[in-house]
There are 2 protein chains.
Amino acid sequence: MQVQVIENVLKVNDEIAAENRRVLHAARIASIDLIGAPGCGKTALIEKTLQMLAGKMRIGVIVGDMATQRDADRMARFCDQVVQINTGKGCHLEANHVRRAIARLDLSKIELLFIENVGNLICPVGFDLGQDAKVGIFSVSGGDDKAAKHPYLIVESSLLLLTKTDLLPHIPFDMDLFTADIRKLNPDVKLLQLSAKNGEGMEGWIQWVREQAYETAEARTRQ
Amino acid sequence: MQVQVIENVLKVNDEIAAENRRVLHAARIASIDLIGAPGCGKTALIEKTLQMLAGKMRIGVIVGDMATQRDADRMARFCDQVVQINTGKGCHLEANHVRRAIARLDLSKIELLFIENVGNLICPVGFDLGQDAKVGIFSVSGGDDKAAKHPYLIVESSLLLLTKTDLLPHIPFDMDLFTADIRKLNPDVKLLQLSAKNGEGMEGWIQWVREQAYETAEARTRQ
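Since the structure is predicted, the reported quantities are computational estimates derived from the model, not experimental observations. (Residues numbered from 1 in each chain as written. Chains lettered and ligands numbered in written order. Predicted model: local features only at pLDDT ≥ 70, side-chain atom pairs only at ≥ 80, totals over all residues.)

### Concerning the confidence of the model for chain A
Then, number 1: Across chain A, the average pLDDT comes to 95, with 94% of residues at or above 70.
Then, number 2: Both scores are given for the predicted complex: the pTM is 0.94, the ipTM 0.92. (pLDDT = per-residue confidence, 0-100.)

This is the structure:
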């Protein structure tokens with residue numbers, strides 16, 4: 001009975017996600033779902049990205065949290081297309097949340113959409129939102145064992161980020177172990193190291209983001 | 001339909017939790033459920049606690065992760081009563097996991113049981129495991145906004161910890177904001193700051209832990 005209900009929930013979610021994908025593609029918008037633990041630096045990364053791409057790329061942000069408007073307030077300083085979703089007791093975003101958020105955005109002003117998921121390394125992985133790519137985010141301060149402990153995110157991600165590299169001098173972190181754990185689970189996934197605080201490694205991320213938008217436009221042209 | 005199923009799952013969970021509580025109390029064991037984000041330092045805290053209480057208090061540990069045996073291996077260096085639970089795709093421990101783990105422990109060798117939940121600030125909060133107290137754990141590196149974003153954990157916790165205070169010089173963290181957010185949600189809950197790395201603040205935690213065991217024994221005597 002429980003399995004049946006969960007399957008139904010996922011089926012409905014997948015249908016809405018497919019609809020989101022159609023709407024976003026029709027508007028020529030590439031979308032990226034950012035998944036990581038609470039405090040891994042998702043919001044700081046988006047803030048820095050908005051600043052670095054100001055005037056170069058039109059970006060929108062949907063941000064999920066159980067409670068508060070704080071992340072949207074932070075990002076609204078650099079972006080006029082931001083929607084905060086509060087999930088209440090919900091531990092992840094679902095396609096339905098994103099559908100409602102899309103309705104509140106001016107899609108004509110966006111070519112790239114960041115979807116900052118609720119801070120959680122587990123539950124968001126199983127829900128398609130209609131995104132083009134999932135990015136799994138780990139922080140130096142989260143510890144070098146977190147890739148091995150969260151295999152589904154590693155397998156499902158198009159890109160992995162290791163954030164807060166500015167803290168490496170202050171925290172024991174075995175980079176070889178962390179990288180080897182990832183390679184065992186997903187041999188080909190790209191891994192970028194960066195610090196949104198001191199800017200280290202941000203160029204690689206920005207380049208990847210720009211390629212996403214370009215590739216989406218390309219795919220559209222080829223269709 | 002979905003609500004009905006979730007209610008049934010929680011009802012079964014609560015029954016098993018009550019059974020766990022009876023078994024643990026009959027064995028004169030106090031139990032503490034540690035809930036926090038991945039990388040907030042739960043394992044490091046338990047390791048340090050095991051070292052500080054070696055020869056003074058007999059401690060057992062049940063530790064949950066989606067995958068790997070790493071936390072149990074770390075703690076087994078300081079404790080011979082450790083059980084690792086792998087939840088697979090599960091995002092939290094349930095009473096059923098704890099029941100199976102208890103069956104693998106020698107209860108006669110334990111007076112205090114730590115249950116290290118799966119790293120997740122959201123889902124573990126709603127599941128009674130049979131514990132005597134829930135401890136909500138936040139780290140400096142997780143950011144000063146995490147209390148406000150996770151109100152249910154704040155409300156449900158008997159004690160809150162702010163860990164990794166050794167990182168305060170390297171990370172912007174508004175302690176007044178963090179504390180005020182907690183006070184709004186749970187005016188009376190005790191908040192301890194500590195670093196398992198440099199030992200700062202550990203005495204307060206150790207004292208609280210010892211009081212838990214003492215209070216449980218007291219309650220038992222009074223029954």
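There is more to say, and it comes next.
### Thoughts on the relation of the copies chain A and chain B
Then, number 1: For the pair chain A and chain B, the best superposition has an RMSD of 0.0 Å and corresponds to a rotation of 180° with a translation of 0.0 Å parallel to the axis. Taken together, the rotation angle and the small translation identify this as a two-fold axis.
Then, number 2: Both copies contact each other with a shared surface, as 100% of the interface residues of chain A are interface residues in chain B too. (Least-squares fit on C-alpha atoms with pLDDT ≥ 70 in both. Contact = placed C-beta atoms within 7 Å.)

### Some points on the interface of chain A and chain B
Then, number 1: With 32 residues of chain A at the interface, the matching set in chain B holds 32 residues.
Then, number 2: Elements with a contribution of two residues or more to the side of chain A that touches chain B: helix H1 (2-26), helix H5 (146-149) and helix H6 (151-156) of chain A.
Then, number 3: Per-class residue counts for the side of chain A that touches chain B are 15 nonpolar, 11 polar and six charged. (Helix = DSSP H or I, 4+ residues; strand = E, 2+ residues; numbered from the N terminus. Nonpolar A, V, L, I, M, F, W, Y, C, P; charged D, E, K, R; others polar.)

### Notes on the sheet that holds strand S5 (residues 133-139) of chain A
Residue and element names in this part refer to chain A.
Then, number 1: Taken in spatial order, the seven strands make up an open sheet running S3-S2-S4-S1-S5-S6-S7, and their pairing is parallel. Each of the sheet's edge strands pairs with one partner strand only, and the pair in question is strand S3 (82-86) and strand S7 (190-193). Here the average twist between neighbouring strands, direction ignored, is 20°.
Then, number 2: Here four bridges tie strand S6 (residues 159-163) to S7, and the two strands are oriented parallel to one another. Its bridge partner lying in S7, Leu159 is registered against Lys190.
Then, number 3: Sitting on the sheet, helix H2 (residues 42-52) is in contact with strand S1 (30-36), strand S2 (59-65), strand S4 (112-116), S5 and S6, with an inclination near 160° to S4. (Pairing = 2+ DSSP bridges. Axes fitted to C-alpha atoms, helices over the stretch in contact; angles between N-to-C directions.)

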